[in-house]
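# Tertiary structure, described
So you can see what is in the structure, the chains are spelled out below.
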Amino acid sequence: MWGGRFSGGPSDIMAAINASIGFDRRLHAQDIRGSHAHLDMLEAAGIVSATDAAAIRGGLDRVGQEIAAGRFVFKPELEDIHMNIEARLAELVGPVAGRLHTARSRNDQVATDFRLWVREEIDAVDAALADAQAAFIEKTEAWPDLPMPGFTHLQNGQPVTFGHHMLAYVEMLGRDRGRFADARRRLNESPLGAAALAGTPFPIEREMTAAALGFDRPAANSMDAVSDRDFALEFLAAGAITALHLSRFAEEVVLWTSAQFRFVSLSDAFTTGSSIMPQKRNPDAAELVRAKPGRLLGAFTALATVLKGLPLTYGKDMQEDKEPTFEAADSLMLAIAAAAGMVRDMEPDPGRLRAAAEVGHPTATDLADWLVRRLGMPFREAHRVTGELVAEADRRGLALPQLPLDAMQAVEAGIDESVYDVLSIERSIAARTSYGGTAPENVRRAAAAARERFL
Ligand code: ARG
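I will try to describe carefully the structure that is included in this document. Along each chain, numbering runs from 1 in the same order as the chain's sequence is written. Restriction of local features to residues with pLDDT of at least 70 applies here, the model being predicted, together with a cutoff of 80 or more for giving and counting side-chain atom pairs; totals for whole chains, interfaces and linings are based on all residues. Side-chain metrics in this entry use all non-hydrogen atoms of the structure; hydrogen atoms and water are not considered.

## Focus on the pairing of strand β2 (residues 155-161)
Criterion used throughout: strands pair if DSSP finds at least two bridges between them. For helices the rule is a DSSP run of H or I covering at least 4 residues; for strands it is a run of E covering at least 2, with both sets numbered from the N terminus onward. Two strands pair when backbone bridges link them, and strand β1 (residues 147-152) and β2 are joined in this way by six bridges, in the antiparallel orientation. In the strand pairing of β2, M148 is matched with V160. Where β1 hands over to β2, the hairpin turn is made up of two residues, of which H153 adopts a positive phi near 60°.

So this is what it looks like as structure tokens:
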């Protein structure tokens, strides 16, 4: 495989630790695409004759067909996807196949293949995230004014609408898509033609291969081109943050479907039963989405650790870039699909949500705001007075809107009947018309705007 220099074969252990074909076969389509671009350029530059180029081109196409048809035999002794394809090409078209590797090294080859793969994955993730956003927007449009508790510290804070809560996730996923888009922009330079590390004496046209592969430009420095894996790191970093966001939603689904909350229900499509407790319906999909960040963060840590302190340029260490990235990408795609599926599947329970929104004097802030607006109190003073009213309501076992006027006036003489207007859940929600607030009219407008911005 490495020509005249070697006579004895590698030990079994050497072969086992060295071979990457078990996982980098996943790059077959990118490898063939890169080879076509390189070959076209070699021909255009007069480095390979038209006759030879035609023969190699036909062979590459046949290799591609064999792989697609599942007829290709991947051989561990040929180490990786690049050598497997090249060896089969030689079987098919003879020694002329060897001209393909002119002005190229596996170092720029693998860097190119892997970039193309990550770029495709970014595009797939972006489409999946857009679909998840669509699911959240659909749920918002179905429930723009359904009251539910808005929590801080998982304690009732102020009432919000179910739609408003859904739209919070649309924003998170929108930022995630932005991070992937940023990563894609930086990724989109072609390493092809950097050769082993120093460039090549052949009169190659790097602009031509870059354009053929959809890259914006060739990478400017040949050493950086073969040693850079930032594109994979950035993909994993963006993926890890996305997975964190999905896990927050998943945790809410776990809570919301529990008997103690019963805010929403999931159908058979996204739940499982227990083998011993017949009554159970477990939110396994949500729990697994909640667990996925470990894999994404683990993959990021694994790759960052591989690259840390690695001297320029290529080191075989870098072969360890692929497995965590592949695995993380698969987990991420599955987690996004599961999250979107659960959003579409879940049915809110309006009665439960509304009742939960009433618990714990959630309109106390509205009362304090009323004292500020109607009696001209400084907010801190209004906060103290409201606290006393809450304590009085608790002593009597009443909700704030049920506290009689004389009891209120005993705490603050200026209070009159009109205070009750602001104490209902619906009034509290409807009043929050500030930009980004939870008023149903805002939520409807924000859902429409989100469609414009993201879909
Ligand atoms: N399988 C290798 C990898 O994934 C391809 C590059 C090998 N280059 C080399 N100089 N041995 O990194």
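Structure shown, so let's carry the discussion forward.
## So, the site of the ligand
Nearness here has a simple test: a residue counts as near a molecule or strand if at least one of its heavy atoms is within 4 Å of that partner. Neighbouring the ligand are the residues S20, D24, D80, H82, R106, N107, V110, Y314, Q319 and K322. Polar contacts, as counted here, are pairs of nitrogen or oxygen atoms within 3.5 Å of one another; within protein the pair requires one atom able to donate a hydrogen and one able to accept it, and residues that are adjacent in sequence qualify only if both atoms are side-chain atoms. Here a nitrogen atom of the ligand sits 3.0 Å away from a polar atom, N or O, in the side chain of D80. Shrake-Rupley sampling with a 1.4 Å probe provides the accessible areas, and residues are treated as covered by the protein chains on show and by no other component. Relative to its free-state accessible area of 340 Å², the ligand is covered by the protein chains to the extent of 87%. Broken down by element, the shell around the ligand gets its largest block of residues, three residues, from helix α6 (residues 106-142). Residue polarity follows a fixed list, in which Ala, Val, Leu, Ile, Met, Phe, Trp, Tyr, Cys and Pro are nonpolar, Asp, Glu, Lys and Arg are charged, and the others, Gly among them, are polar. Of the residues in the shell around the ligand, the class split is two nonpolar, four polar and four charged.

## A closer look at the side chain of S418
Here S418 is to be found in the loop between α17 (405-411) and α18 (425-431). Per-residue accessibility, obtained with a 1.4 Å probe over protein chains only, is compared with the maximum for each type, and a residue is labelled buried under 20%, exposed over 50%, and partly exposed between these values. Accessibility expressed as a relative area gives 18% for S418, which makes it buried. A polar side-chain atom of S418 sits 2.6 Å from a polar atom in the side chain of D416.

## A few points about the packing of aromatic side chains
A pair of aromatic rings is counted whenever rings of Phe, Tyr or Trp (Trp by its six-membered ring) have centres within 6.5 Å, and the orientation is called stacked for planes under 30 degrees apart, edge-to-face for over 60 and tilted otherwise. If you walk through the whole model with that rule in mind, you get 13 aromatic pairs. With a centroid separation of 5.3 Å and 75° between ring planes, the pair formed by Y169 and F249 is classed as edge-to-face. Of this pair, Y169 sits in helix α7 (residues 162-187) while F249 sits in helix α10 (residues 230-256), placing them 80 residues apart in sequence. The exposure class of Y169 is buried, given its relative accessible area of 6%.

## So, the packing of α7 against α10
Axis lines are fitted through C-alpha atoms, for helices just across the contact stretch, and the angle between N-to-C directions can take any value from 0 to 180 degrees. Closest axis-to-axis distance for the α7/α10 pair is 8 Å, and the angle between their directions is 170°. In this view, α7 runs roughly antiparallel relative to α10, as classed from their interaxial angle. Of the residues assigned to the contact of α7 with α10, the class counts are 15 nonpolar, four polar and six charged. What sets the label is the angle itself: under 35 degrees gives roughly parallel, over 145 gives roughly antiparallel, 65 to 115 gives roughly perpendicular, and the rest give oblique.

## Concerning helix α4 (residues 50-68)
For α4, spanning 19 residues, the distance from its first C-alpha to its last is 27 Å, which sits close to the expected 27 Å at 1.5 Å a residue. Within the sequence span of α4, burial applies to A53, I56, G59, L60, V63, E66 and I67. Each buried residue of α4 sits inside an arc of 145° when the element is viewed along its axis, so together they form one side. Among the exposed residues of α4, those pointing more than 90 degrees away from its buried face are T51 and A68. By the convention used here, residues are in contact when the closest approach between their heavy atoms is within 4.5 Å. Contact partners of the buried residues in α4: α3 (28-44) and α5 (81-93). Downstream of α4 by one or two residues, G70 has phi in the positive range, about 75°. One less than the number of residues in a helix, times 1.5 Å, gives the span that helix is expected to have. To be clear, the arc concerns the directions from the helix axis to the C-beta atoms.

Shape descriptors only; they carry no functional weight alone.
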